[in-house]
Every structure is written in structure tokens, then in C-alpha cells.
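Okay, here's what each chain looks like letter by letter:
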Amino acid sequence: MTDRDLTRRTVALTALGGLSLPVLAACGGGGSSSSTTATDPGTTTGGASSDPSGGGNSVTADALVGTAQVPVGGGVIIGDQNVVVTQPEKGTFEGFSATCTHQGCLLTSVASGTINCGCHGSQFSIADGSNVVGPSGAPAGSVAALPKIAVTVKGKDVVKA
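Residues numbered from 1 in each chain as written. Predicted model: local features only at pLDDT ≥ 70, side-chain atom pairs only at ≥ 80, totals over all residues. Heavy atoms only, no water.

S.K.: Can you help me understand the sheet that holds strand E2 (residues 63-66) in this one?
M.R.: Where strands meet in a sheet, backbone hydrogen bonds hold them as pairs that are either parallel or antiparallel. What the 3 strands build is an open sheet, ordered E2-E11-E10; its pairing is antiparallel. Strands at the two margins of the open sheet, each flanked by one partner only, are E2 and strand E10 (151-154). The mean inter-strand angle of the sheet, taken between neighbouring strand axes irrespective of direction, is 30°. Where E2 and strand E11 (residues 157-160) come together, 3 bridges link them in antiparallel fashion. Bridge pairing in E11 places Ala 63 opposite Val 159. (Pairing = 2+ DSSP bridges. Helix = DSSP H or I, 4+ residues; strand = E, 2+ residues; numbered from the N terminus. Axes fitted to C-alpha atoms, helices over the stretch in contact; angles between N-to-C directions.)

Here's what the structure looks like:
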């Protein structure tokens, strides 16, 4: 390869690189601040949103989540609020910290009756937050439950009590 070929290649790559930056920036978007993932159809993530059409998914500004967004036997992890809202039985809503008691990881999913941590496999009951599987960071001889967060239903929303 000659210096002339190298120069042409450098100019071509530089020109293409300069054009791709605005394209990549345009693709970036203003994504959600939530860092959780949904891994099960009974699992949802998210937070307060508004629906000006008055549909069933509208929530008020102080709401954690709409009641219709929390599946019976499942739950919703609201990462930006550090809250998990579950509905173990129809009409019964519970709130827990979304931080795993083992090593402080953000909980990642709610499935099959448990709130799950993707870091080391801890699983907690959707009914009372108790540790049912895996490490939990509790003192020897006991298990650590997720700290409860008081929630209540206000209209069609679940809010902090």
C-alpha cells in the first residue's frame, strides 16, 4: 500500500465518520430513566405517565403506577422511584424497596410470585417481601425481607401512603 492509498482511505473514512455522528446522535433518542427490564408477560416496568384521553392507563402526578398496570399475581418495578408494587391477590397492593438486601442491586423482574434480583439470584415473595430463594444479606440464621413501603389506592392509581 502506498502513502497515496493511505491518504485516500483516511480521507474517505474521516468523511464517512463525520457524517455518521449526526446520524448516530439522531438515533440516540431520549430514552426512559427506568433501568429495569420486563422479562415476563406478568412483569411490567415504568412509572407515572399521563393519558390525556382519559383512558384506563392514566395516572396522577403523585402516583407510582396505575392499578391496571399491576398484574394480579405479579408486580411492577419502578426503578426511578426505587419501589416495587405488587398485587398478590386481586385488589391487594403491596409496596417494597426495589433494592435487593444482598448487595444493593436494583431488582430486575417480577415473575411466578416472586420479585427477582438478577445479580445473585435472590427471590422475594410478592405478598410480604420475604426472602424465598438465594442470598439475601441477612445476619446468620435469619433471612432479610425487602423493606416495606406503604402504598394505597387513590382512584385508579397506586400512591405512596
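Having seen the structure, we can now continue with the description.
S.K.: Which parts of the structure should I look at to understand the state of the cysteines?
M.R.: A covalent bond bridging the sulfur atoms of two cysteines is what the word disulfide describes. As enumerated under the stated definition, the model contains 1 disulfide in all. The disulfide that involves Cys 105 links it to Cys 119, with 2.1 Å between the sulfurs. Torsion about the S-S bond of the Cys 105 and Cys 119 cystine: about -110°, corresponding to left-handed handedness. On the criterion of sequence distance, the pair formed by Cys 105 in the loop between strand E5 (92-97) and strand E6 (109-111) and Cys 119 in the loop between strand E7 (114-116) and strand E8 (123-125) is long-range, its members being 14 residues apart. Classification of Cys 105 as buried rests on a relative accessible area of 18%. Not part of a disulfide, Cys 100 finds its nearest cysteine sulfur in Cys 117, a span of 3.8 Å. Given a relative accessible area of 6%, Cys 117 falls into the buried group. (Disulfide = S-S within 2.5 Å. Buried < 20%, exposed > 50% of the residue type's maximum accessible area, 1.4 Å probe, protein only.)

S.K.: For this particular structure, what's the right way to read the sheet that holds strand E9 (residues 131-133)?
M.R.: Pairing within the open sheet is antiparallel, and its 4 strands lie in the order E6-E7-E8-E9. One side of each edge strand has no neighbouring strand; the edge strands of this open sheet are E6 and E9. When strand polarity is set aside, the average angle formed by the axes of neighbouring strands in this sheet is 35°. Pairing between E6 and E7: 3 bridges, direction antiparallel. From the neighbouring strand, Ala 111 faces E7, where its bridge partner is Thr 114.

S.K.: Just to check I follow, could you spell out the environment of Val 110 for this structure?
M.R.: If you trace the backbone, Val 110 turns up in strand E6. Considering only alpha carbons, one finds Val 110 and Val 76, 34 residues apart in sequence, at a separation of 7.0 Å.

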